Each structure stands twice: as C-alpha cells, then as structure tokens.
Amino acid sequence: MTTPAARITSLRHATSSALRRGPVRRAVQWRRHQGLDPADVFLASYPKSGNTWLRHLVTIALTGRPTEWRGDLEQVSTRIGLHAGLKPTLSNGGRLIKTHEQWRPHYGRSVLLVRHPLDVLMSEWSYQANYSKRFPEYRGSFEVFVKRFAGGTTNSYGSWDAHTRSWLDLDDHSDTLVLRFEDLRSDPGAVLSRVLTFIGHDDHRHVDLAVADTTLESMKSKEARYWAARNADSPGFVRSGGSGDWAASLTAEQVALVTASSARGLELAGYSLDGSR
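**Here's the deal with helix H5 (residues 117-131)**
Taking 1.5 Å of rise per residue, 15 residues should cover 21 Å, and H5 covers 20 Å from first to last C-alpha, within 8% of that figure. Taking burial as the measure, the 15 residues of H5 include eleven buried ones, the bulk of the element. Those residues of H5 lying buried are Pro117, Leu118, Asp119, Val120, Leu121, Met122, Ser123, Glu124, Trp125, Ser126 and Gln128. Its buried side turned inward, H5 meets helix H6 (142-151), helix H7 (160-168), helix H8 (181-186), helix H12 (252-261) and helix H13 (263-269).

Structure (structure tokens):
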C-alpha cells in the first residue's frame, strides 16, 4: 500500500518533471539563447561529462595562467544564459559558451564532449547526492535513480541518448568537433591541442601548463580552496574522474537497462553496446 509520504514524493516528482519539460522550460530555453553571435563557439556536453575540466584546460591554454575553481574561469567562458556580459576571447571575435542543452539551430561551431553513459550515471548520482535539492525524489534508492536516468528524468536535459542523438544524428555536423572523455583522460594534451586548433587559436605554448594545472589532485585542491575560503567543506563536485568505475556498482540488469536505452547514442559516439568501450 502506498504511504502518504510516498504519494507526496511521487506528486512532487511528476510536477517537477512537467515543469522541466513544459512551456516554462521552453520559455527559459528561449530566453537563455538570446544574444548569441555567429562567431561564438560552444563547449557542449551532457551533464557530468567533463565540461568543467575542459573549460579549465582551455582557459589556461588561452590565458597562460593557472585557474582557480571559479572567477577567472567565468571571464573566459560561461554557461549559456549568462553570456551577455562575456567579452570575446577568440581571434574571430567570438566567445566561448558552455551548454548542456541538446543541439539547437542557435549553435554554430561547437565542441561536443561525450562520456560513456554508465560513467555519467555514476557521476550524476554522486553529484546529486551532494548538490541537488531533488535527491530526495529517489528516496535514497540507487535502483530508482538508475531507472530514471535510463528514462531521462534525472535532470532537465532529457536522456543521455536523446542528448547525444540531437548532436550527432544530423545530416551534417561538420561544425562540431566530437571528443570522448576517455580520450581526454588518456591524453589531455593532444585533445586540448585539437580543441585549440578547432577554435582558431594557433598558440599552443601553454598546453603543458594547462595539463599540469588540471590533474585530478589539482582540480580537487582548487575546489577545496574555494569552499575553505567560504568556511565550508567541499561538497565534492570533482569526483574520481574515472572511466569504468560503474562496473563495481551496477548489476548486469542495470547495465543492460542503460545501454539498451542509449543504443543509438552509443553507436553514434563510437561506443560498444555491451557496456565496454
């Protein structure tokens, strides 16, 4: 028998899901995408795919200076909707703008960072446990979260599969540089050099500095310093930065559920359909 508390939680979930996908959400999206310029370049990804790491890498490579957790980072690239006051940083007069949105005609030249959905799932579970007010919706159940992740209702950007298909299942996505998180993790310097060339920045002198200043330990230190200055403990936005950690936490049935719901996106991104790389 369903308890009153469970019914309230279910109602809250249904209401918040409707708001995230209804007219209000569409109005917010429309407003966020005003004031864009054809010269702008977008750093795109599904949430928890390494976008923050990539932004730090690019920022250091462009400025030649180490970054802190926030502040200087936002002077070089900021998220969609906050871009009105961002000054151009690219040689063509464009700006670097972060987005987690699905592809839309507003987006021109873009860098898309893709991460395997099973790793994204584990990272988003950790992120929501520490940051999200919506975490109680799952009633502490990882099983509930996995099902909602597969169904695309753990955030306002839709499923991993729908997001990936929106960017890659197009007749022409030649204006998009597609990167995989696993390749960035394996050789960040080489991947960063590809990004710099793609955005028209021919000076690669600071690539080594960028890589050295954005190791996992360095990123955790940046985050810890930021929160310590505010007399607060770090909530752990930076996690393990790993690839394949899901194998120790997901059952075979959960792996099958997520990979089945992500089949087309996995194919387009060059991943296997059995949970492996």
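The discussion continues.
**Side note on the pattern of salt bridges**
Tallied over the full model, the rule gives eleven salt bridges. For Arg225, the salt bridge goes to Glu68, with nearest N and O atoms at 3.1 Å. A residue pair is termed long-range when its members are at least 10 positions apart, and Arg225 in helix H11 (residues 216-228) and Glu68 in the loop between helix H3 (51-63) and helix H4 (72-76) qualify at 157 residues. Of the residues examined, Arg225 reaches a relative accessible area of 43% and is grouped as partly exposed. The residue Asp161 makes a salt bridge to Arg165 at a minimum N-O spacing of 2.7 Å. A residue pair is termed a helical-turn pair when its members lie 3 or 4 positions apart in one helix, as Asp161 and Arg165 do in helix H7 at four residues. Among the residues examined, Arg165 registers a relative accessible area of 33% and is labelled partly exposed. The structure contains a network of salt bridges with shared partners spanning Asp169, Arg264 and Glu267.

**Comments concerning the packing of H5 against H12**
Viewed as axis vectors pointing N to C, H5 and H12 meet at an angle of 115 degrees, and their least axial separation amounts to 10 Å. One element, H5, and the other, H12, form an angle in the roughly perpendicular class. Remark: the crossing between H5 and H12 carries right-handed chirality. When H5 is examined against H12, the residues Pro117, Leu118 and Leu121 are found in contact with a partner set consisting of Val255, Val258 and Thr259. Within the contact of H5 with H12, the residues separate by chemical class into five nonpolar, one polar and no charged.

**Digging into unusual backbone geometry**
The residue Lys48 is not glycine, and still its phi comes out positive at about 65 degrees. Along the chain, the position of Lys48 falls in the loop between strand S1 (41-45) and H3. A residue is classified by how much of its surface remains accessible, and Lys48, at 14% relative accessible area, is buried.

Rules behind the numbers
- Residues numbered from 1 in each chain as written.
- Predicted model: local features only at pLDDT ≥ 70, side-chain atom pairs only at ≥ 80, totals over all residues.
- Heavy atoms only, no water.
- Helix = DSSP H or I, 4+ residues; strand = E, 2+ residues; numbered from the N terminus.
- Expected span 1.5 Å × (residues − 1).
- Buried < 20%, exposed > 50% of the residue type's maximum accessible area, 1.4 Å probe, protein only.
- Contact = heavy atoms within 4.5 Å.
- Salt bridge = Lys/Arg side-chain N within 4 Å of Asp/Glu carboxyl O.
- Axes fitted to C-alpha atoms, helices over the stretch in contact; angles between N-to-C directions.
- Parallel < 35°, antiparallel > 145°, perpendicular 65-115°, else oblique.
- Left-handed = near helix turned anticlockwise from the far one by under 90°.
- Nonpolar A, V, L, I, M, F, W, Y, C, P; charged D, E, K, R; others polar.

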